[in-house]
Amino acid sequence: MATKCIRFSNISQQFNLRKMSIDIGGMRLRYKNKDDTFLEKHLVSKEPFLQFKSWFEEACSKKEILEPNAMCLATSKDGFPSARFVLCKGYGKDGFKFFTNYGSRKAKEMDENPNVAATFYWEFLNRSVRIEGHVEKLSEEESTKYFHSRPVPSQVAATASYQSTPIESRDVLCEREKVLEAEYIIPQKEVPKPSYWGGYIIRPRAIEFWQGQSDRLHDRIKFRKSAAGEVPDGKILHEGEDGWVYERLSP
Ligand SMILES: Cc1cc2nc3c(=O)[nH]c(=O)nc-3n(C[C@H](O)[C@H](O)[C@H](O)COP(=O)(O)O)c2cc1C
């Protein structure tokens, strides 16, 4: 689908210096889809993973989308959510993979509550994909394999950083980096994967596909795992494949 967006120009910023409150209420994109078709026409599959593959590959083919694999990952502990971007490093029928530091804030939150949500947003295509599920850690073997596939400076940086811990200055990191370089890079030794670094897989129970439309009646198709005893009526709830059902949601 060829998509063109124009930014609404009547952005009147109301700046109140005393309150430091800037009104950007007029800021929005006007979606201008050349082909205003319903999302059903773009559904290539009755299960969500092939559908994701189709949209993801299209996003990857657009030079305007620099990091199509960036996803916003939301975790939650004690009822307080937090969100940050991570890079998705693999996807398939088993789920969506990403890598991080096992001592980071997100990791601690996932230790306590493995339920997460993740969202992709491809502005150029006016598309978003929304995932809900639970995480499991990847095997040490898979994490190690991926760790060594990364550029060496990334391996060093991951080892040098105790992610999310407060530090006095950037110099602390640079010092650790120097020590690691002397230990591994100069003698050309492999940087070992630290025990505090590895991957997760999100095993989804729901995946929603959102397509922005120029009339702002956007399309939303949500796949979810069928509940026990649930019978699709073919009108509101449709039978999918592989234990999935899907429904259209109001925008
Ligand atoms: C586009 C983008 C991609 C990122 N990818 C990752 C990633 O794959 N893994 C990671 O640990 N942090 C990644 N980060 C950094 C995280 O957003 C975050 O700063 C870091 O993981 C610490 O988060 P936490 O304190 O909530 O654990 C990325 C940031 C951006 C903006």
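Everything here concerns the structure above.
These figures come from a predicted structure and were not determined experimentally.

The rules behind the values
Residues numbered from 1 in each chain as written. Predicted model: local features only at pLDDT ≥ 70, side-chain atom pairs only at ≥ 80, totals over all residues. Heavy atoms only, no water. Near = heavy atom within 4 Å. Polar contact = N/O pair within 3.5 Å; in protein donor to acceptor, adjacent residues only side chain to side chain. Areas by Shrake-Rupley, 256 points an atom, 1.4 Å probe, with all protein chains shown as cover. Helix = DSSP H or I, 4+ residues; strand = E, 2+ residues; numbered from the N terminus. Nonpolar A, V, L, I, M, F, W, Y, C, P; charged D, E, K, R; others polar. Buried < 20%, exposed > 50% of the residue type's maximum accessible area, 1.4 Å probe, protein only. Pairing = 2+ DSSP bridges. Patch = residues over 30% accessible without salt bridge, like charges linked within 9 Å, V, L, I, M, F, W, Y side chains within 5 Å. Salt bridge = Lys/Arg side-chain N within 4 Å of Asp/Glu carboxyl O.

A few points about the site of the ligand
Working step 1: Close to the ligand lie E67, R84, F85, V86, L87, F99, T100, S104, R105, K106, Q163 and S164, which account for all nearby residues.
Working step 2: Contacts to the ligand include F99, whose backbone N or O atom sits 2.9 Å from a nitrogen atom.
Working step 3: In this structure, an oxygen atom belonging to the ligand sits 3.1 Å away from a side-chain N or O atom of Q163.
Working step 4: The protein chains hide 64% of the 610 Å² of surface that the ligand would expose on its own.
Working step 5: Looking at the shell around the ligand, the elements with two or more residues in it are β6 (80–92), β7 (95–101) and α2 (105–112).
Working step 6: Sorting elements by how many residues they give to the shell around the ligand places β6 first, with four residues.
Working step 7: Looking at the shell around the ligand, its residues break down into four nonpolar, four polar and four charged.

Digging into the pairing of strand β8 (residues 115–122)
Working step 1: Residues V116, A118, F120 and W122 of β8 are buried on one face, while the alternating residues N115, A117, T119 and Y121, pointing to the opposite face, are not.
Working step 2: In this sheet, β8 lies alongside strand β5 (residues 70–77) in antiparallel orientation, the contact comprising four bridges. Paired with L73 across the two strands is A118, which belongs to β8.
Working step 3: Bridging between β8 and strand β9 (residues 127–137) involves eight bridges; their strand directions are antiparallel. Bridge pairing in β9 links N115 to H134.
Working step 4: Count of turn residues in the β8/β9 antiparallel hairpin: four residues, of which N126 carries a positive phi of about 55 degrees.

A look at the environment of A74
Working step 1: Here A74 is to be found in strand β5.
Working step 2: Looking at A74, the relative accessible area reads 25%, which means it is partly exposed.
Working step 3: As for A74 and F85, which are separated by eleven residues in sequence, their C-alpha atoms are 8.7 Å apart.

A closer look at unusual backbone geometry
Working step 1: With a phi close to 55 degrees, Q188 is a non-glycine residue in the positive phi region.
Working step 2: As for its position among the elements, Q188 is in the loop between α5 (170–185) and β10 (197–211).
Working step 3: For R216, which is not glycine, the phi dihedral falls at a positive 65 degrees.
Working step 4: Within the secondary structure layout, R216 lies in the loop between β10 and β11 (219–225).

Here's the deal with a nonpolar patch on the surface
Working step 1: Together, M20, I22, I24 and M27 make up a nonpolar patch on the protein surface, roughly 380 Å² of accessible area in all.
Working step 2: Note that I22 resides in strand β3 (residues 21–23).

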